[in-house]
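Structural description and commentary
Chain residues, written in single-letter form:
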Amino acid sequence: MAEHIVLVTGVSCFWGAQVAARLLNEPGLHVIGLDAEPPQDALKGLDFIQADVRNSLLPDLIQSEGVQTVCHLAFVESAHPSESAFDINVIGAMKVMSACVLAGVSKIVLKSSTQVYGALPANPAFLAEDHPLNGSRRYGYTRDLVEIEAFCNGFMRQNMARQSPQVKLTVLRFPGIIGPDADTPMTRFLQDPAKPVLLGFNPLLQIIHQADVVSALVHAAMNDVPGVFNVAAEGALPLSKLMGLAGKLAWPVPHPLAYWGVALGGLELAPIELDYLRYPWVGDLSRMKQTLGFVPRYTSAEA
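On a predicted model such as this, the values are computed, not experimentally measured, just so you know. (Residues numbered from 1 in each chain as written. Predicted model: local features only at pLDDT ≥ 70, side-chain atom pairs only at ≥ 80, totals over all residues. Heavy atoms only, no water.)

Where helix α2 (residues 58-65) meets helix α3 (residues 83-103), the closest approach of the two axes is 8 Å, and the angle between their N-to-C directions is 50°. Comparing the axis directions of α2 and α3 gives the class oblique. Between α2 and α3 lies a crossing whose hand is right-handed. Counted together, Leu 58, Pro 59, Ile 62 and Gln 63 of α2 and Lys 95, Val 96, Ala 99, Leu 102 and Ala 103 of α3 form the full contact between these two elements. (Axes fitted to C-alpha atoms, helices over the stretch in contact; angles between N-to-C directions. Helix = DSSP H or I, 4+ residues; strand = E, 2+ residues; numbered from the N terminus. Parallel < 35°, antiparallel > 145°, perpendicular 65-115°, else oblique. Left-handed = near helix turned anticlockwise from the far one by under 90°. Contact = heavy atoms within 4.5 Å.)

Dropping the structure here:
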């Protein structure tokens, strides 16, 4: 039986390297890594190609390699909005998806975040995947993810309009990611002994362990599960409980003062935008269990 060929972008970064390493252990797969920079640690068995995802020759490269599945994980997670990050993140995702269509790829897997829903006082208790994308555009990584997902929505509508859909697109929306090696807004928020929180607000938050993020992405690459899915650990936790389990002290600040301080001092006080520490943004997990067929190994408290 011929090998199934999987291309993973962003292998010089944490998520791309982790997913590629896991896929290399799966039988019957040939894994290709693509990035502008080589992986920091050598991945035995990885067929690495050094190239930018925005390269105009990407469709020819994907087609010549016979790629059938693409895991697009090249993303710059910067809080500060910047044109360079936007170009890599948003333009890069558009280029990759267009290249996949031109090259005849059968499946694309994208990593996103439940932050695309936005944190708003009118949000329902559980946000389904078809909820409008009201994510804040003040922070770079949220703005870029909203732009990417807006493009994905149009991409999926055009794809489904065809009598025989050409590409299966799977988008996984993760909440705050934590773990010993993960560098995320949530881990940056929890790394200090004490952190400002908003006085009088204690929202429920979802989290997920880094190992379950990798497992979910690999699961999506290995199975035909097109669509958009919230993927989070069981058991949303109040912010105060989350910080207590992590051994961190909350430093309550009146919210007008906190917003004023962030505006004056830059983004250093808040790796997570303050609205996301004030209002609900909990994703419904029904489709994760019933359609995606995935259940994280760790509960929120265990993570």
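Turning to the sheet that holds strand β11 (residues 227-230), a few remarks are in order. Strands pair in a sheet through their backbones, by hydrogen bonds, and they do so in one of two ways: parallel or antiparallel. Taken together, seven strands build an open sheet; the order of strands is β3-β2-β1-β4-β5-β6-β11 and the sheet is parallel. Single-partner strands in this sheet number two, and they are β3 (47-50) and β11. Recorded for the sheet is a direction-independent mean angle of 20° between the axes of neighbouring strands. Of the pairings in the sheet, the one linking strand β1 (residues 4-9) to strand β2 (residues 29-35) comprises six bridges and is parallel in character. The residue of β2 that forms the bridge with Val 6 is Val 31. In this fold α3 packs onto β4 (69-72), β5 (107-113) and β6 (168-174), with an angle of close to 180° to the strand it touches most, β4. Its contacts with the sheet place helix α6 (residues 210-222) against β2, β4, β5 and β6, and it is angled at close to 155° to β5. (Pairing = 2+ DSSP bridges.)

Let us look at a nonpolar patch on the surface. Together, Leu 257, Trp 260 and Leu 264 make up an exposed nonpolar region whose accessible area comes to about 360 Å². Along the chain, the position of Leu 257 falls in helix α8 (residues 255-265). For Leu 257, a relative accessible area of 45% puts it in the partly exposed group. (Patch = residues over 30% accessible without salt bridge, like charges linked within 9 Å, V, L, I, M, F, W, Y side chains within 5 Å. Areas by Shrake-Rupley, 256 points an atom, 1.4 Å probe, with all protein chains shown as cover. Salt bridge = Lys/Arg side-chain N within 4 Å of Asp/Glu carboxyl O. Buried < 20%, exposed > 50% of the residue type's maximum accessible area, 1.4 Å probe, protein only.)

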